[in-house]
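Okay, here's what each chain looks like letter by letter:
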Amino acid sequence: MPDDLTVPGTVWATGNDSLTAQLRDRYVGATRKDAARLSPAIARHIITTYTRPGDTVLDPDAGAGIVVCEALRTRRHVIGIHADNQQHEVFEANLELANLSAPYAPATMLDGVDDPRAAGLPGAVDLVLTGLRRSAPGDRLADLARTYELLDTIADWVWPGGHIVVVCRPERDHRGLVDGPGRVTEAAQAVGLRLVDHCIALTGKLIGDLAVRPRASRYETRAAARSRDNGVPFAVNAHVDVLVFGVSADCRRPAAPVSP
Amino acid sequence: MPATPKSHIARRGRGISRQMTKTNLVTAGLSEGSADRPLAPTVRMCPADPPLRTLTVLGAATRTLVTTYTDPGDRVLLIEPPVVARAVGSPRNPVRLDWAAVVEAVARLGRGASTRQTTPRGEPAVPLIRAADDVRATPDAATESEAGLGLDDPDRTIPIAADWITALDSVRPAADRFDLIIAAVGAVHPGTDPITAWAHDLTPTGILAIVTHSDRTYGQLAAPGRDLQRAARLAGLTLTDRLILLHESPPPGLTITDANRTAIMSNGHRRIHSTVLVFTPYVSEQDTAEAHNA
């Protein structure tokens, strides 16, 4: 067991490279929109922290395929579910790039949680990793219900000792900040998952030991400035919340053999 | 949800001219102004030595919160965490001295600094309007003291019936309220009563900043954030920000070794941050529109 002070901290410096630099030569340009909810650096760090080579990673909302591609590049088996058909072509292009750069086992893609091929999944997954999508205004309750249903389904697919990791980007509505992490935690606990860690992945750049410089969009910066001028200051986003849920701490499967 | 007091709208309208005045002062190099501050990120560096005790974290956070959310001359209320309250009367305990340093730091920033002790959970609820008076009057409940530039409290000894609260909200002078209240809450939710009392002590544009963190118990993480937000909503407050206070700079590299992975699987990551939940009194869109039209 390492000394306590050598254990990695709850805050990760995942924003030192810009999103453009993270995507360059690895993803097609149209990936950028989807990368806002879960960047390649964050996905890679979570995958390497909670799984070993040869383990199985699942993304129930594959989107442009960042989790799928990062899992392949780090030599994990991967299962993806297409929840957003609009990004299917972007996903295929990214998958091809990942397979060219780091050929490993082919990714298994499902059409939905009720895909017949999902029948063999229970107990087969080591890590479920997904980034929450920005929900439509006024659709918070429906969004929460969808999160609940999704977690309820995929919780059975995770091997005891495995993890479900949900990445939440801070969101605002007309009343203020939406408590995304709190809502996800409630939904997860309702289906019997345990919150085992709450980490912070930086999206801003760490400047020495002094400060974090946010990489906010022009829209976010203007909104913050407008709100400050109206007397209700709020901070510019420089992080995402990483919620780690455990299925069971009783046992853990030995590492699968790594393919050559 | 309590009705928004008229004074709130008036204060908002006044805020613009207040900022313009401050802009002129800043141009002249005389004052700092909120309109001239750079936009702050959600993650702030607040170095603190481990173990991250509540008072250590609160001391590190206070300067950041005060400079972010107040201007010189504003009134700040610091809620003493229970651990400090227990140390009262033990002169050899350095914790008390640390708390005095926190209060002094606020005064040095040109803000009026008041302190009050947290009412321990389980005590009977204090009538809202008399919360400040009662805690001062009862020696073993809580006390309040003030230092710095804050204004005197004109009605601190006037008993007012609790059912007059709503009517009095609109006429009560702002001098007994605070522009910023800073409190620290551990992993255990303190109940709704303290938050309701703090909400009542805020000016209409005031800010309640609660420094909190999660704790691990039997492998499970307990975080009071959701309960605090529910309590704040019941008290008429809305969440406007969630700041991350970084007590230790994370290493720039993201390499995970097998030993680290094993340790994380067993006990999770080492906590190096705290969270600040920032609340303000709720203002409806309609109120804001009316204030702009006025």
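Below, the structure is looked at part by part. (Residues numbered from 1 in each chain as written. Chains lettered and ligands numbered in written order. Predicted model: local features only at pLDDT ≥ 70, side-chain atom pairs only at ≥ 80, totals over all residues. Heavy atoms only, no water.)

### Section: the overall build of chain B
Stated precisely, the cut-off is as follows: To qualify as a helix, a DSSP run of H or I must reach at least 4 residues; to qualify as a strand, a run of E must reach at least 2; elements of each kind are numbered from the N terminus. Per-residue accessibility, obtained with a 1.4 Å probe over protein chains only, is compared with the maximum for each type, and a residue is labelled buried under 20%, exposed over 50%, and partly exposed between these values. Two residues form a contact once any of their heavy atoms are found within 4.5 Å. Method for areas: the Shrake-Rupley scheme with a 1.4 Å probe, in which residue coverage is limited to the protein chains shown.
Check the secondary structure of chain B and you find 10 helices and 10 strands. By the burial criterion, 51% of the 294 residues in chain B qualify as buried. Taking the contacts inside chain B whose residues are at least 6 apart along the sequence as the reference set, 79% of them involve residues at least 24 apart. Of the roughly 13700 Å² of accessible surface on chain B, a fraction of 56% belongs to carbon and sulfur atoms.

### Concerning helix 3 (residues 40-50) of chain A
Burial within helix 3 of chain A is extensive, with 10 of its 11 residues counted as buried. What helix 3 of chain A keeps buried is the set P40(A), A41(A), I42(A), A43(A), H45(A), I46(A), I47(A), T48(A), T49(A) and Y50(A).

### Looking at the interface of chain A and chain B
Note the threshold: Buried area, as used here, totals the accessible surface that two parts lose on assembly, with accessibility defined by a 1.4 Å probe and the loss added over both. In the sections that follow, a salt bridge refers to a side-chain nitrogen of Lys or Arg positioned within 4 Å of a carboxyl oxygen of Asp or Glu. Contacts described as polar in this section are N or O atom pairs within 3.5 Å, which, within protein, must combine one atom able to donate a hydrogen with one able to accept it, while residues neighboring in sequence count only if both atoms come from side chains. Polarity classes work like this: nonpolar for Ala, Val, Leu, Ile, Met, Phe, Trp, Tyr, Cys and Pro, charged for Asp, Glu, Lys and Arg, and polar for all others, with Gly in that last group.
Across the boundary between the two partners, chain A contributes 65 residues, which contact 52 residues of chain B. Summing both sides of the interface, chain A and chain B together bury roughly 5100 Å²; the carbon and sulfur share of this comes to 57%. The interface formed by chain A and chain B includes five salt bridges. Here R226(B) ties to E186(A) by a salt bridge, and the two come within 3.4 Å at their closest N and O atoms. Where chain A meets chain B, there are 21 residue pairs in polar contact (both at pLDDT 80 or more). Mapped onto the side of chain A that touches chain B, the elements with two or more residues apiece are strand 1 (11-12), helix 3, strand 8 (176-178), helix 7 (180-190), strand 9 (194-202), strand 11 (211-213), helix 8 (218-229) and strand 12 (239-246) of chain A. When the residues that make up the side of chain A that touches chain B are grouped by side-chain class, the tally is 29 nonpolar, 21 polar and 15 charged.

### Here's the deal with the side chain of R44(B)
Here is the rule: Charge counting treats Lys and Arg as positive and Asp and Glu as negative, with His and both chain ends excluded.
Assignment of secondary structure puts R44(B) in strand 1 (residues 43-45). No salt bridge forms around the buried R44(B); measuring N to O, its nearest opposite-charge neighbour D241(B) is 6.1 Å away. Looking at R44(B), its side chain comes within polar contact range of the main-chain oxygen of P41(B), at 2.6 Å. Side chain to side chain, R44(B) and T68(B) meet in a polar contact 3.0 Å long. With near-sequence residues (within four places) excluded, R44(B) lies in contact with A235(A), T64(B), T68(B), L243(B), I244(B), L245(B) and L246(B).

### Section: the packing of aromatic side chains
All names here are of chain A. Note the cut-off: Classification of ring pairs uses Phe, Tyr and Trp, with its six-membered ring standing for Trp, and accepts pairs whose centres are within 6.5 Å; under 30 degrees between planes counts as stacked, over 60 as edge-to-face, and the remaining range as tilted. We call a charge positioned over a ring when the NZ of a Lys or the CZ of an Arg lies within 6 Å of the ring centre and within 35 degrees of the ring normal.
Inspection of the entire model under this criterion finds zero aromatic pairs over all chains. The ring centre of Y27 lies 5.2 Å from the NZ or CZ of R73, which sits over that ring. Over the aromatic face of F234 sits the side chain of R172, whose NZ or CZ is 3.6 Å from the ring centroid.

### Overview of the sheet that holds strand 3 (residues 77-81) of chain A
Threshold: When DSSP finds at least two bridges between two strands, those strands are taken to pair.
On the basis of which strands lie adjacent, the open sheet formed by eight strands has the order 1-9-12-6-5-2-3-4 (chain A) and mixed pairing. Lying at the two open borders of the sheet, with one neighbouring strand each, are strand 1 and strand 4 (108-110) of chain A.

### Comments concerning the packing of helix 4 (residues 66-73) of chain A against helix 5 (residues 88-101) of chain A
All names here are of chain A. How we decide: For helices, the fitted axis covers only the stretch in contact; all axes are lines through C-alpha atoms, and the angles between them, taken along N-to-C directions, range from 0 to 180 degrees. Any angle that is under 35 degrees is reported as roughly parallel, and any over 145 degrees as roughly antiparallel; angles of 65 to 115 degrees are reported as roughly perpendicular and all others as oblique.
Between helix 4 and helix 5, the shortest axis-to-axis distance is 9 Å and the interhelical angle comes to 5°. Classed by the angle they form, the pair helix 4 and helix 5 counts as roughly parallel. Between helix 4 and helix 5, the contacting residues are V68, C69, L72 and R73 on the first element and F91, N94, L95, L97, A98, N99 and S101 on the second. Counted by class, the contact of helix 4 with helix 5 contains seven nonpolar, three polar and one charged residues.

### Describing the nonpolar core
For clarity, the threshold we go by: Each nonpolar core is a collection of buried residues, namely Ala, Val, Leu, Ile, Met, Phe, Trp, Tyr and Cys, held together in the definition by side-chain atoms within 4.5 Å.
Core analysis: the biggest nonpolar cluster contains 38 residues, and I46(A), L127(A), L129(A), V165(A) and V242(A) have the highest contact counts within it. Top contributing element to this core by residue count: helix 4 of chain A, with six residues. When neighbours within four sequence positions are excluded, V165(A) is seen to be in contact with I46(A), Y50(A), L127(A), V128(A), L129(A), T130(A), V242(A), L243(A) and V244(A). One finds V57(B), V66(B), V102(B) and V106(B) within the second-largest nonpolar core, a separate group that totals 30 residues.

### A closer look at helix 7 of chain A
Residue and element names in this part refer to chain A. Looking at helix 7, one finds that the buried residues are P181, G182, V184, T185, A187 and A188. For helix 7, the side-chain oxygen to backbone nitrogen distance between the N-cap and G182 is 3.1 Å, and the N-cap itself is D179. Backbone geometry just after helix 7 places G192 at a positive phi near 90°.

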